[in-house]
Amino acid sequence: QVQLVESGGGSVQVGGSLRLSCLASGTQPSDHSMAWWRQIPGKNRELVARIFKSGFTNHVDAVRGRFTISRDKNVLYLQMNNVRPEDTAVYYCHLLTDGLQAFWGQGTQVTVSS
């Protein structure tokens, strides 16, 4: 069974940095397409960045140049630099299997103060 556990969230000042981690058990991130999503209460969950099985990455316009998705062994990372208040959200780790079965982590809160 695949399990995903996020960590690294917290409170940070505008312009600061955080690194989120997603520990995967039951599989390795390199075997699947994985992504970071985020959600603000009352709003739809939105994609932040994705890393494909090939290692190719995609970052949405809102975070491109500031955030970087990466993976190492059984851990998926999101390096967040130069954060902004609008980055405040619960961040979720996501994994998609070849059979299109989706797995989600429990989420980790990121709060950016002005």
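Calculation rules
Residues numbered from 1 in each chain as written. Predicted model: local features only at pLDDT ≥ 70, side-chain atom pairs only at ≥ 80, totals over all residues. Heavy atoms only, no water. Pairing = 2+ DSSP bridges. Helix = DSSP H or I, 4+ residues; strand = E, 2+ residues; numbered from the N terminus. Axes fitted to C-alpha atoms, helices over the stretch in contact; angles between N-to-C directions. Buried < 20%, exposed > 50% of the residue type's maximum accessible area, 1.4 Å probe, protein only. Contact = heavy atoms within 4.5 Å.

Let's talk about the sheet that holds strand β8 (residues 75–80)
Turning to step 1, where the next piece is worked out: The antiparallel open sheet is built from four strands, whose spatial order is β1-β3-β8-β7. Two strands in the sheet have a free side with no partner beyond their single neighbour: β1 (3–7) and β7 (67–72). The mean angle between the axes of side-by-side strands here comes to 15 degrees, regardless of whether they run parallel or antiparallel.
Turning to step 2, where the next piece is worked out: Here six bridges tie β7 to β8, and the two strands are oriented antiparallel to one another. Looking across to β8, one finds that R71 is bridged to L76.

Here we look at unusual backbone geometry
Negative phi is the rule for most residues except glycine; trans is the rule for most peptide bonds.
Turning to step 1, where the next piece is worked out: In this model, K73 sits at a positive phi of 55 degrees, which is unusual for a non-glycine residue.
Turning to step 2, where the next piece is worked out: Inspection of the secondary structure puts K73 in the loop between β7 and β8.
Turning to step 3, where the next piece is worked out: Even without glycine at this site, N82 takes up a positive phi of about 50 degrees.
Turning to step 4, where the next piece is worked out: With relative accessibility at 43%, the residue N82 sits in the partly exposed group.

A look at the environment of I40
Turning to step 1, where the next piece is worked out: With respect to the secondary-structure elements, I40 resides in the loop between β4 (33–39) and β5 (46–51).
Turning to step 2, where the next piece is worked out: Between the C-alpha atom of I40 and that of Q109, which follows or precedes it by 69 residues, the distance is 9.9 Å.
Turning to step 3, where the next piece is worked out: The residues contacting I40, other than those within four sequence positions of it, are E86, T88 and A89.

Brief notes about the environment of A35
Turning to step 1, where the next piece is worked out: Examined against the element boundaries, A35 turns out to sit in strand β4.
Turning to step 2, where the next piece is worked out: Take A35: its relative accessible area is 0%, and that puts it in the buried class.
Turning to step 3, where the next piece is worked out: Put simply, A35 and W104 are 69 residues apart on the chain and 9.7 Å apart in space, counted from C-alpha to C-alpha.
Turning to step 4, where the next piece is worked out: If sequence neighbours within four positions are ignored, A35 has contacts with L47, A49, R50, I69, L76, Y92, C93 and H94.

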